[in-house]
Structure formats: C-alpha cells, structure tokens
Amino acid sequence: MEYISSDTNVWLDFMMIEQLELPFRLPYIYLMNEDAIHDELLSPAGLSENLLALGLVETELEEDEFFCAEIYMESYPKLSVYDGVALAMAKCRRITLLTGDGPLRRAAQREGISVMGTIGILDQLYEGVYIGKEEYFECLNRLQKYNGGKIRLPKKELELRIKRALKAV
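Procedures and definitions
Residues numbered from 1 in each chain as written. Predicted model: local features only at pLDDT ≥ 70, side-chain atom pairs only at ≥ 80, totals over all residues. Heavy atoms only, no water. Pairing = 2+ DSSP bridges. Helix = DSSP H or I, 4+ residues; strand = E, 2+ residues; numbered from the N terminus. Right-handed = clockwise from strand over helix to strand, strands pointing away. Buried < 20%, exposed > 50% of the residue type's maximum accessible area, 1.4 Å probe, protein only. Contact = heavy atoms within 4.5 Å. Salt bridge = Lys/Arg side-chain N within 4 Å of Asp/Glu carboxyl O. Phe/Tyr/Trp six-rings, centres within 6.5 Å; stacked < 30°, edge-to-face > 60°. Patch = residues over 30% accessible without salt bridge, like charges linked within 9 Å, V, L, I, M, F, W, Y side chains within 5 Å. Areas by Shrake-Rupley, 256 points an atom, 1.4 Å probe, with all protein chains shown as cover. Lys, Arg positive; Asp, Glu negative; His and termini not counted. Charge placed at Lys NZ, Arg CZ, Asp CG, Glu CD. Core = buried A, V, L, I, M, F, W, Y, C linked by side-chain atoms within 4.5 Å. Axes fitted to C-alpha atoms, helices over the stretch in contact; angles between N-to-C directions. Parallel < 35°, antiparallel > 145°, perpendicular 65-115°, else oblique. Left-handed = near helix turned anticlockwise from the far one by under 90°. Nonpolar A, V, L, I, M, F, W, Y, C, P; charged D, E, K, R; others polar.

Asks: Any chance you could break down the pairing of strand S1 (residues 2–6) for me, citing the residues and the numbers?
Replies: In this sheet, strand S2 (residues 28–33) lies alongside S1 in parallel orientation, the contact comprising 4 bridges. Within the sheet, the bridge partner assigned to Tyr3 lies in S2 and is Ile29. Following the backbone out of S1, through helix H1 (residues 9–16) and into the adjacent parallel S2, one traces a crossover that is right-handed. Here S1 runs beside strand S4 (residues 96–98); their pairing, made up of 3 bridges, is parallel. Residue pairing in the sheet places Ile4 in a bridge with Thr96 of S4.

Asks: Which residues make up the side chain of Ser6, and what are the values?
Replies: On the secondary structure map, Ser6 appears in strand S1. Taking relative accessible area as the criterion, Ser6 reaches 4% and is therefore assigned buried. Apart from the residues within four sequence positions on either side, Ser6 is in contact with Trp11, Leu31, Met32, Ala86 and Leu98.

Asks: How would you explain the pattern of salt bridges if you had to name every residue and give the values?
Replies: A full pass over the atoms with the stated rule returns 5 salt bridges. Between Asp123 and Arg161 there is a salt bridge, with the nearest N and O atoms lying 2.7 Å from each other. Of this pair, Asp123 sits in helix H7 (residues 118–127) while Arg161 sits in helix H9 (residues 155–168), and the two are 38 residues apart along the sequence. In this structure, Glu157 and Arg161 form a salt bridge, with 2.5 Å as the shortest nitrogen-oxygen distance. In this pair, Glu157 and Arg161 both sit in helix H9, 4 residues apart, roughly one turn of the helix. Residue Glu157 is classed as partly exposed on the basis of its relative accessible area of 33%.

Asks: Help me get a handle on the packing of aromatic side chains, residues and values and all.
Replies: Summed over all chains, the structure comprises 7 aromatic pairs. Here Phe66 and Phe67 contribute two aromatic rings whose centre-to-centre distance is 5.5 Å and whose plane-to-plane angle is 80°, an arrangement assigned as edge-to-face. On the basis of relative accessibility, which here comes to 42%, the residue Phe66 falls in the partly exposed class. The partly exposed category is assigned to Phe67, whose relative accessible area is 42%. Through pairs of rings, three or more aromatic residues link up here, namely Trp11, Phe24, Tyr28 and Tyr30.

Asks: Which residues make up a negative patch on the surface, and what are the values?
Replies: On the surface, a cluster of negative charge is contributed by Asp35, Asp39, Glu60, Glu62, Glu63 and Asp64. Listed by contribution, the elements that provide at least two residues to the negative patch are helix H2 (34–40) and helix H4 (63–75). Residue placement: Glu62 occurs in the loop between strand S3 (57–59) and H4.

Asks: Describe the nonpolar core, listing the residues and the values that go with them.
Replies: Taken as a class, soluble globular proteins show a tendency for nonpolar side chains to be buried jointly. Formed by 35 residues in total, the largest nonpolar core has its most connected members in Trp11, Phe14, Tyr30, Leu56, Leu98, Ile121 and Leu122. Setting aside residues no more than four positions away along its own chain, Leu122 makes contact with Phe14, Leu22, Ile131, Tyr136, Cys139, Leu140 and Leu143. With 18 residues, the next largest nonpolar core counts Tyr76, Leu97, Ala107 and Ile113 among its residues.

Asks: How would you sum up the packing of H4 against helix H5 (residues 81–93)? Please name residues and give values.
Replies: Two numbers describe how H4 lies on H5: the axes approach to 8 Å, and their chain directions differ by 125°. In terms of orientation, H4 lies oblique with respect to H5. The handedness of the crossing between H4 and H5 comes out as right-handed. Taking contact as the criterion, the partners of Asp64, Glu65, Cys68, Ala69, Tyr72 and Met73 in H4 are, on H5, Val81, Gly84, Val85, Leu87, Ala88, Met89, Lys91, Cys92 and Arg93. A per-class count over the contact of H4 with H5 returns 10 nonpolar, 1 polar and 4 charged.

Following this line, the structure appears as structure tokens:
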C-alpha cells in the first residue's frame, strides 16, 4: 500500500458527486493531519466522520514536518496553514500529494513532489478496473455538471475524458 498526503478539496469533489467511497478502492492509504480533518472537513456535517470510517488516517505532524510547513508558509504565501502541512507531510515522507488546489499544486511541483487530483484518482480507478466504463462516465458527467461552482477542475481535461469515455461505451 502506498501512502498519500491529502488536502481537503478532492474529498469535497467526490462528496459533491456522491462518490466519497470511490478513492478508497485504490491501494492507497490517505493521510491527513488531524487538525486539518477537524478544522477543514466541517461541512457538510459528518464529512470528517464518514472519511475516517472509509479509511482516511488521522496523522500527527512530526517535528521536521512542522518546521518544513513553516518554511512553506513563508515561501508560498497563497497556501493556507493546512496546505503547508499537507505539502510538508508529502515532502518529508516522500509521498504523493492529493490536491486540486492550484497554488498548492504549483508549490508541490516546485518542490519536486508528485501530485494527483480528482481526475487522476478517477483515471486510476477506471484504468485499474476498480470501476467500469459506465461509472467512470457518470462520475465525469457529474463533475462537469458542478464544475465552475463548488468543483473547480480543468474544463478541457474533463471534456477530453468524457469524449474518450463516450467512444469506449
């Protein structure tokens, strides 16, 4: 099993399309700082409890991660405190960062950290045959429906995958 440092927005995307459990089908252990879970995953009510029940792992910061997060907060002023924490966990533990947040993705890329987001998770679910063509297509359509509002994903990437899925169905 591979560990992944998790930000909050990908979970909100999957919640919006009523597929919160899907990422947990992949062979990953998703880690999130315990404070971020209890401070950022407040809405809707029960989201943090649902994620923990599905397998999200509450994690304490190691001392080196704490200092690394402080450095990231100074270096990348657009990051929230918990963005800096997720980035520090990914860097110090040498694991992938799960996020769709633009400034956090750019900071991770500058730091040489592998990044994956909502679309990447869906692609892996489909390519690894954890979900079928119809479920993949339905998820993409739901993401597109809410995109530009509560979900903010690259429109062209969604459209490209929807076209491919249509050809495959």
